[in-house]
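Listed below are the residues making up each chain.
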Amino acid sequence: MNAPLPSESLAAGLPLAPHPPVSEPVIRIEGLSKTFSDAAGPVLDDVSLQIARGDIYGVIGRSGAGKSTLVRCINRLERPSGGRVVVSGHETSRLEGRALRTARRDIGMIFQHFNLLSSRTVAGNVALPLEVARVPKAERGPRIAALLELVGLADKAQAYPSELSGGQKQRVGIARALATAPSVLLCDEATSALDPETTQQILALLRDINRRLGLTVVLVTHEMEVVRDIASHVAVLERGRLVEEGATFDVLAFPKSPVARSFLAGIVAHELPPEIQATLSPEPQADSDPVIRIVFTGAAANEPIVADLVGRFGLRPNILHGRIDQVAGRPLGVLTLVAGDGGDGRLAAALAHLARLGLHAEVIGHALRPALARRHGGPR
Ligand SMILES: Nc1ncnc2c1ncn2[C@@H]1O[C@H](COP(=O)(O)OP(=O)(O)OP(=O)(O)O)[C@@H](O)[C@H]1O
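Position labels on residues start from 1 in each chain and follow its written sequence. A pLDDT threshold of at least 70 governs which residues receive local features in this predicted model, and a stricter bar of 80 or more applies before side-chain atom pairs are shown or counted, although totals over entire chains, interfaces and linings include all residues.

An unreviewed UniProt entry annotates the chain as Cell division ATP-binding protein FtsE of Siculibacillus lacustris. Quoted verbatim from the Sequence similarities (unreviewed entry) field of UniProt, the annotation for the chain is "Belongs to the ABC transporter superfamily." For the record of the chain, the UniProt heading Function (unreviewed entry) holds the text "Part of the ABC transporter FtsEX involved in cellular division. Important for assembly or stability of the septal ring." UniProt positions are given in the numbering used here, feature names are shortened, and annotations may be inferred rather than shown by experiment.

What follows covers the site of the ligand. Being near a molecule or strand means, for a residue, that its C-beta atom, positioned from the backbone, comes within 6 Å of it. Lining the immediate surroundings of the ligand are 13 residues, of which Phe36, Ser63, Lys67, Ser68 and Thr69 lie closest. Helix numbering and strand numbering both begin at the N terminus, where a helix is a DSSP run of H or I of at least 4 residues and a strand a DSSP run of E of at least 2. Examining the composition of the shell around the ligand, we find that three residues originate from one element, helix H2 (residues 67–74), more than from any other. In terms of residue class, the shell around the ligand is built from four nonpolar, seven polar and two charged. Under the scheme applied, nonpolar residues are Ala, Val, Leu, Ile, Met, Phe, Trp, Tyr, Cys and Pro; charged residues are Asp, Glu, Lys and Arg; polar residues are all the others, including Gly.

Where each domain begins and ends follows an automated or database-derived domain assignment. Parsing the chain into structural domains produces domain 1 (7–266) and domain 2 (274–375). Distance from the C-alpha centre of domain 1 to the C-alpha centre of domain 2: 41 Å. With C-beta atoms placed from the backbone, a contact is any residue pair whose C-beta atoms sit within 7 Å. Tallying the contact residues gives seven residues for domain 1 and seven residues for domain 2. The leading source of residues in the side of domain 1 that touches domain 2 is helix H9 (residues 248–253), at four residues. In terms of residue class, the side of domain 1 that touches domain 2 is made up of four nonpolar, two polar and one charged.

In this section: the packing of helix H4 (residues 122–132) against helix H6 (residues 166–178). Working convention: axes come from line fits to C-alpha atoms, limited for helices to the stretch in contact. Angles between N-to-C directions cover 0 to 180 degrees. Direction vectors running N to C along H4 and H6 enclose 30 degrees, while the axes themselves pass 7 Å from each other. As judged from the angle between their axes, H4 and H6 are roughly parallel. The chirality of how H4 crosses H6 is right-handed. Here Val122, Asn125, Val126, Leu128 and Pro129 of H4 come into contact with H6, specifically with Val172, Ala175 and Arg176. In terms of residue class, the contact of H4 with H6 is made up of six nonpolar, one polar and one charged. Any angle that falls under 35 degrees is termed roughly parallel, while one over 145 is termed roughly antiparallel, one within 65 to 115 roughly perpendicular, and all others oblique. Handedness of a crossing is defined here by the sense of rotation of the near helix relative to the far one, left-handed for an anticlockwise turn of less than a right angle and right-handed for a clockwise turn.

Moving on: the environment of Ser81. Its place among the elements puts Ser81 in the loop between H2 and strand S4 (82–87). For Ser81 and Gln170, which are 89 residues apart along the polypeptide, the C-alpha to C-alpha distance reads 31 Å. Beyond its immediate stretch of four places on either side in the chain, Ser81 contacts Ser33, Lys34 and Thr35.

Take the UniProt feature "domain: ABC transporter" (unreviewed entry) in the chain next. Those residues carrying the UniProt feature "domain: ABC transporter" (unreviewed entry) are residues 27–264 in this numbering. Annotated as 38% helix and 25% strand, the span residues 27–264 places its first and last C-alpha atoms 26 Å apart.

Shown next, in the form of structure tokens:
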């Protein structure tokens, strides 16, 4: 007898139909912990989070933080030591045998090194989960063809993995992961082995599949750029603990944890380069000027801030560091400048003005004029 697949997956040989938008989380993780018998402490420690259906959810953290273990607990490649994992209403953390196999069909997974069978053609690799799910042979052909069409490999059905580029191999991985029409796709460092251009192509494909099918995508990565480019929400793991979680834009604009701040260093200019930081004093000095950091988001990113500081408030700002990026489709900028205050309240008025514009501005230190002059090659 054939094991059941999601009804839409078999309709008319079409592999995939949009999953209905539902507000209830598709993944609920409650108090998840994982300890390996040979490890010193827990690899995951009381992690709780929820992932909404249709979301692209990034999980970032340093090497060894527990990212892979977290996603492997979602599809039960790893058995949690404690807590609950519920995916599409199935408590995968408790299921066994046939019930677990059925629940797993709702969860596709792709890997850093693709994990394709070299002895099978592209079509043969995509066929594998259909064979395991005992989909009748007559139905497999059209499904495989539609899946390869979806990932842009219709002409490679009879090729072997050794004949494909890395990006093409990952496309096969995606087609294989989608074969059972899952509602969740887990991606474990799926672009880490790819060059930047191919990474962008695979991210575009994931975004496209997410939008067209309402597929929920969970992306484990140590590449902050990947999160910035496609994740709508992000979780930051540090030594097995969830240290930060929220909408990607909010976490990138206002990171709270040191680990998130340091992760963002190459993406958002929250942290000053050490050689600039070394010229700052935490307290005002006789020969110092205040340094302000301005985080500007959304529409306010287009305001003529520096012109305002000069024209309206008579400050003489000297830009130390800054950049503007697109994050989750919105501009996010961080600018650090020496305000050249004059000590007569103009800076306070300027900060109030920036706050009225919806900008987040704060004094982060005081630049010592001699040190600054040396940096700028001026007189000592
Ligand atoms: N099967 C296992 N047995 C013992 N220890 C394990 C096992 N799997 C993972 N670990 C340990 O758990 C910790 C977290 O590993 P995990 O792969 O989840 O981290 P990660 O954040 O994905 O790191 P990376 O980015 O390096 O893959 C590491 O210290 C790792 O050595």
